[in-house]
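Residue strings, one per chain:
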Amino acid sequence: MLQKQGYKFAVTELGGDASKSEFREKMTRSIIGACLNCSVISKTAQEIHAVLHAAADAKSGYSQNLLQANISCKVAIVRGNGWIAVTFYGDSAAHYITNHKRMGFGIMHI
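Throughout this description, residue numbers start from 1 for each chain and increase along the sequence as written. Owing to the predicted nature of the model, reporting of local features is limited to residues with pLDDT of at least 70; listing and counting of side-chain atom pairs is limited to 80 or more, with chain, interface and lining totals taken over all residues. As a convention, hydrogens and water are excluded, and side-chain values are obtained from all of the structure's heavy atoms.

Colleague: Help me understand the sheet that holds strand 3 (residues 83-93), please; the structure alone is not making it clear to me.
Modeller: Remark on secondary structure: sheet strands pair via backbone hydrogen bonds, oriented parallel or antiparallel. Spatial ordering of the open sheet is given by 1-2-3-4, a layout of four strands whose pairing is antiparallel. At either end of the open sheet lies a strand with only one pairing partner, and these are strand 1 (8-17) and strand 4 (100-109). Neighbour-to-neighbour, the strand axes of the sheet open up by a mean angle of 15 degrees, direction not taken into account. By definition, two strands form a pair when at least two bridges between them are found by DSSP. Numbered from the N terminus, helices here are DSSP runs of H or I no shorter than four residues, and strands are runs of E no shorter than two. Examined bridge by bridge, strand 1 and strand 2 (residues 70-80) share ten bridges and lie antiparallel to one another. Residue pairing for strand 2: Gly15 is matched across the bridge by Ser72. Note on definitions: a residue-residue contact is assigned when non-hydrogen atoms from the two residues lie within 4.5 Å. Here, axes are lines fitted to C-alpha atoms. For helices the fit covers the stretch in contact, and angles between N-to-C directions go from 0 to 180 degrees. Packing of helix 1 (residues 21-37) onto the sheet brings it into contact with strand 1, strand 2 and strand 3, and relative to strand 1 it is tilted by some 160 degrees. Packed onto the sheet, helix 2 (residues 45-62) meets strand 2, strand 3 and strand 4 and runs at close to 150 degrees relative to strand 4.

Colleague: Explain helix 2 to me, please; I cannot follow it from the model alone.
Modeller: Along an α-helix, residues three or four apart share an orientation, since each turn contains 3.6 residues. One fewer than the residue count of a helix, multiplied by 1.5 Å, yields its expected span. A rise of 1.5 Å per residue sets the reference length of helix 2, with its 18 residues, at 26 Å; its end C-alpha atoms lie 25 Å apart and thus fit the reference within 8%. Contacts from the buried residues of helix 2 go to helix 1, strand 2, strand 3 and strand 4.

So, to be careful, I would describe these as geometric facts and stop short of saying anything about function.
Here it is, written out as structure tokens:
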């Protein structure tokens, strides 16, 4: 459906401790890798910059008010009409009993 409307897209998944720097590195590698592998972006500073800003906004919304939490989420990236959007959707919990769904969204002009 998205291809028929002229959009480019990629999907990946992430997991780990959102408060650690290794998660940010994993997030960056996973999202840029998915975008390049699915031809959502090309390997230019402008396009990588745009997807990273959208991803940072999405992560901020997804992990807002979390002091320390393990997360598991799907990441969808969609590009069209000069914009790129990143959405995180999944679970977060400081303890398995407190597990619940969360979502974060970011968008950036390319």
